[in-house]
Amino acid sequence: MPSEIGAPQQHRQSSRKGKKAWRKNVDITEVQTGLETLREEILQGGPIAEKASEELFALDTKGSEDIKKKYKLQKPLKVDEILSRRSAVPALDSRKRPHSAVGDGVITSSKRQKPDWVSKKEIQRLRNNLDKTTFLDNQNIEAENADFDPWAVESVPLSSKDDSEEYLPKPKPKVAPATIRRAPIAMTASGRPVRAVQQPEGGASYNPAFEDWDELLNKEGERELQAEKARLLEAQIAAEKEQRIQQLASAPDPNPADEESAWEGFETENDDPELLNKKRPQRKTPAQRNKIKRRKEAERLARHEKRMGDKQKQAEQIINSLILQQERENDLASKGEPSEPVGTDDRALRRRKLGTAPILQKPLEVVLPDELQDSLRRLKPEGNLLNDRFRNLLVNGKLESRKPILQPKKAKKKITEKWSYKDFSVKV
């Protein structure tokens, strides 16, 4: 065992460059403590670091009976005991009452009634009696609906009418709008809705195959490259427009004397002789006019045929795509696999949006080479389920994309001054 004083130490030493100083002043307290701990573990049965987990830990699945008896786990909680207590003294009455109602330590709650006050129950009883003794009953007139008012707009019994509701219009039932029965319009370029939770691609896995990951990385990189080129082009166009505006703003103003020197387009000093000697155009002959008409008509027919040919090609492409889609669905149905009635691309959106604000772009779902993890424990979670679900509702047309109202409009208040002080009368 080491002594209580220990070996000579020098913790705060300025330098260890010398060989002699390093041998003399080195601190080996940590090494000695570790060796002593290892010796004690060997005496107690072996090093703890080399033992298996089954030798060090044990699972207690039954529990200790002594602890149950000692602490009495079946005993109710203190809060339950407090809530279960009920006082024999009644609670205080919070209603306002005169001082005469309190006397001899006993609170008597009595409702003061008006002398001409009649209860609703009595009013209903009198009304029922009046309905039974009507003029039709006294004359013994046989009628099927004698209890109904024949002059009423609606055949409602008198006994079921109330004084406050007799002259009020009948509330109209709520009618659902016609658009509630229509399917929402998807904002995708293809016009087909997308699934709420789409099946991810193989390259987005935490341990993907190299081919799938490389294909996804190249596709996302190409998409981002095209977006960056479009952004740079827009920035260049904006910069050129701003430069032209600055050049026009910095250009010198024209001299008004030059404009006043010309009168109705005639200039005496700067007249061009070529323009003066140029032969004036003559009137066209009927043959020339007919020739021009035939040429314009031929150009119009050529443009019309070109448009019709483009439409025909587009219709053929649509028909071919529908035929291929139908064949694919038939093949899936024959194989027993469910067909996909929804679209898969939710990035390409239509130009005409449903709301006023643009739909947010979908975040990148690709992992870079230095972020790939071959273990699920070291995987860094990304994304937000709430944002993904909200964007899916916008893309499927179930919600409108709107900007948040940070400063809502307040009700306008109009302040007026009373003129009552001006209304006065003078006694004569």
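Residues numbered from 1 in each chain as written. Predicted model: local features only at pLDDT ≥ 70, side-chain atom pairs only at ≥ 80, totals over all residues. Heavy atoms only, no water.

The name given to the protein chain in an unreviewed UniProt entry is Ribosome biogenesis protein NOP53, and the organism recorded there is Exophiala spinifera. Taken directly from UniProt, the Sequence similarities (unreviewed entry) text for the protein chain runs: "Belongs to the NOP53 family." (UniProt positions renumbered as here; feature names shortened; annotations may be inferred.)

(A) Focus on the overall build of the protein chain. Helices and strands together make up the secondary structure of the protein chain, namely 12 helices and 2 strands. Helices and strands in the protein chain line up, N terminus first, as α-α-α-α-α-β-β-α-α-α-α-α-α-α. Scored against the burial criterion, the 428 residues of the protein chain give a buried share of 8%. Taking the intrachain contacts of the protein chain between residues at least 6 apart in sequence as the baseline, contacts between residues at least 24 apart amount to 65%. Surface accessibility of the protein chain: about 41900 Å² in total, with carbon and sulfur atoms responsible for 55%. (Helix = DSSP H or I, 4+ residues; strand = E, 2+ residues; numbered from the N terminus. Buried < 20%, exposed > 50% of the residue type's maximum accessible area, 1.4 Å probe, protein only. Contact = heavy atoms within 4.5 Å. Areas by Shrake-Rupley, 256 points an atom, 1.4 Å probe, with all protein chains shown as cover.)

(B) Local environment of the packing of aromatic side chains. According to the stated counting rule, one finds 1 aromatic pair in the structure shown. Both rings, one in Phe 210 and one in Trp 213, keep their centres 6.2 Å apart while their planes meet at 45°; by these two values the pair is tilted. In this pair, Phe 210 and Trp 213 both sit in helix α8 (residues 210–250), 3 residues apart, roughly one turn of the helix. For Trp 213, a relative accessible area of 7% puts it in the buried group. (Phe/Tyr/Trp six-rings, centres within 6.5 Å; stacked < 30°, edge-to-face > 60°.)

(C) The layout of surface pockets, seen in detail. Considered as a void within the structure, the largest pocket measures approximately 1500 Å³ in volume. Taken together, 44 residues line the largest pocket, and the ones lying closest to its centre are Pro 200, Ala 204, Lys 362, Glu 365 and Asp 388. Among the elements that take part in the lining of the largest pocket, helix α12 (residues 385–395) stands out by supplying 7 residues, more than any other. Split into classes, the residues belonging to the lining of the largest pocket amount to 16 nonpolar, 10 polar and 18 charged. (1 Å grid on protein atoms, 1.4 Å probe; cavity = no way out; pocket = protein on both sides within 12 Å on 5 of 7 lines; lining within 4 Å. Points joined across faces, edges and corners; volume = space filled by probe spheres on them. Nonpolar A, V, L, I, M, F, W, Y, C, P; charged D, E, K, R; others polar.)

(D) Representation of the side chain of Ser 375 within the structure. Position of Ser 375 among the secondary structure elements: in the loop between α11 (286–335) and α12. Ser 375 sits in the buried class, given a relative accessible area of 16%. Within polar-contact distance, the side chain of Ser 375 engages the backbone nitrogen of Arg 377 at 3.4 Å. (Polar contact = N/O pair within 3.5 Å; in protein donor to acceptor, adjacent residues only side chain to side chain.)

(E) View of a positive patch on the surface. Taken together, the side chains of Arg 283, Lys 284, Arg 289 and Lys 293 present a region of like positive charge at the surface. Mapping Arg 289 onto the fold places it in helix α11. (Patch = residues over 30% accessible without salt bridge, like charges linked within 9 Å, V, L, I, M, F, W, Y side chains within 5 Å. Salt bridge = Lys/Arg side-chain N within 4 Å of Asp/Glu carboxyl O. Lys, Arg positive; Asp, Glu negative; His and termini not counted. Charge placed at Lys NZ, Arg CZ, Asp CG, Glu CD.)

(F) Spotlight on the nonpolar core. By size, the foremost hydrophobic cluster in this structure holds 5 residues: Met 187, Val 194, Ile 359, Leu 394 and Val 395. With near-sequence residues (within four places) excluded, Val 395 lies in contact with Ala 186, Met 187, Thr 188, Val 194, Asp 346, Leu 349 and Ile 359. (Core = buried A, V, L, I, M, F, W, Y, C linked by side-chain atoms within 4.5 Å.)

(G) Highlighting a nonpolar patch on the surface. On the surface, a cluster of nonpolar side chains totalling about 300 Å² of accessible area is made up of Val 26, Ile 28, Val 31 and Leu 35. Looking at the secondary structure, you find Val 31 in helix α2 (residues 29–43).

(H) Representation of the confidence of the model for the protein chain. Overall, the prediction assigns the protein chain a mean pLDDT of 77, with 72% of residues at 70 or greater. A low-confidence stretch, residues 155–160 (pLDDT under 50), is modelled with 11 contacts involving residues beyond four sequence positions or located in other chains. (pLDDT = per-residue confidence, 0-100.)

(I) Highlighting α12. Three or more residues of α12 are buried, namely Arg 391, Asn 392, Leu 393, Leu 394 and Val 395. Capping of α12 at its N-terminal end is provided by Asn 384; its side-chain oxygen lies 3.0 Å from the backbone amide nitrogen of Leu 386. Positive backbone phi, approximately 80°, marks Gly 397, located one or two places after α12.

(J) A look at α2. The first and last C-alpha atoms of α2 sit 21 Å apart over 15 residues, in line with the 21 Å expected at 1.5 Å per residue. One or two positions beyond α2, positive phi appears at Gly 45, with a value near 135°. (Expected span 1.5 Å × (residues − 1).)

(K) Up close: the pattern of salt bridges. Across all of its chains, the model carries 13 salt bridges by this definition. Between Glu 81 and Lys 78 there is a salt bridge whose closest N-O contact spans 3.8 Å. Residue Glu 81 and its partner Lys 78 are both found in helix α5 (residues 78–84); the two are separated by 3 residues, about one turn of the helix. Classification of Lys 78 by relative accessible area gives exposed; the value is 54%. Its salt-bridge partner being Glu 400, residue Arg 402 comes within 3.0 Å of it at the nearest N-O pair. The class of Glu 400 is partly exposed, set by a relative accessible area of 39%. Connected through salt bridges with shared partners, the residues Glu 220, Arg 223 and Arg 347 form a single ionic network.

(L) Summary view of the environment of Leu 385. Residue position: Leu 385 is located in helix α12. The spacing of Leu 385 and Val 197 is 188 residues in sequence and 9.8 Å in space, taken between C-alpha atoms.

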